[in-house]
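The primary structure of each chain is shown beneath.
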Amino acid sequence: MNEAIFNEVAVLWAEHVGATWPDDLYRVDDRDEDVVEIDGAMAGCVSAYVKSRGALDDDRFRALQVCARDLRRILPRLRGESAAYVRRLIKMAELINAARRAVP
């Protein structure tokens, strides 16, 4: 496990848990995905990663990466708090991906 990456994810996760859901995200018109569902799925994956001190099973890892991909498509339409909220989710997924790639 990469301790520095884990610590960064843990800090971002604590910020995320304490953040208020931006109401603008309810109004995102995305024909493919529901942002509320993506947020919930990612929360489950990141929470599992943090609770297990950096371990994440393959199914959750894949789900996390798919959710991050979907959020990247939505991000250009967001502003302010909504964009920051989504960027934080994407950043956590990217860090977890980097940690996995770094494992020999």
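Here the structure is a predicted model, which means the values were calculated and not measured.

Some details on the packing of helix α1 (residues 3-18) against helix α4 (residues 80-102)
The contact between α1 and α4 brings their axes to 10 Å, and the two run at 160°. As the angle between them shows, α1 and α4 are arranged roughly antiparallel. For α1 against α4, the interelement crossing comes out left-handed. Here α1 contributes I5, E8, V9, L12, W13, E15 and H16 to the contact with α4, which in turn contributes Y85, R88, L89, K91, M92, L95, I96, A98 and A99. Taken together, the residues that form the contact of α1 with α4 break down as 11 nonpolar, 1 polar and 4 charged.

Quick look at the pattern of salt bridges
This structure, assessed with the given rule, holds 7 salt bridges. A salt bridge links R100 to D58, with the nearest nitrogen and oxygen atoms 3.0 Å apart. With R100 in helix α4 and D58 in helix α3 (residues 58-74), this pair connects stretches of sequence that are 42 residues apart. The salt bridge partner of R62 is D59, with a shortest N-O separation of 2.6 Å. Placement of both R62 and D59 in helix α3 is noted, with a separation of 3 residues, approximately one turn of the helix. On the accessibility criterion, R62 (47% relative accessible area) is partly exposed. You can call D59 exposed: its relative accessible area is 54%.

Definitions and limits used
Residues numbered from 1 in each chain as written. Predicted model: local features only at pLDDT ≥ 70, side-chain atom pairs only at ≥ 80, totals over all residues. Heavy atoms only, no water. Axes fitted to C-alpha atoms, helices over the stretch in contact; angles between N-to-C directions. Helix = DSSP H or I, 4+ residues; strand = E, 2+ residues; numbered from the N terminus. Parallel < 35°, antiparallel > 145°, perpendicular 65-115°, else oblique. Left-handed = near helix turned anticlockwise from the far one by under 90°. Contact = heavy atoms within 4.5 Å. Nonpolar A, V, L, I, M, F, W, Y, C, P; charged D, E, K, R; others polar. Salt bridge = Lys/Arg side-chain N within 4 Å of Asp/Glu carboxyl O. Buried < 20%, exposed > 50% of the residue type's maximum accessible area, 1.4 Å probe, protein only.

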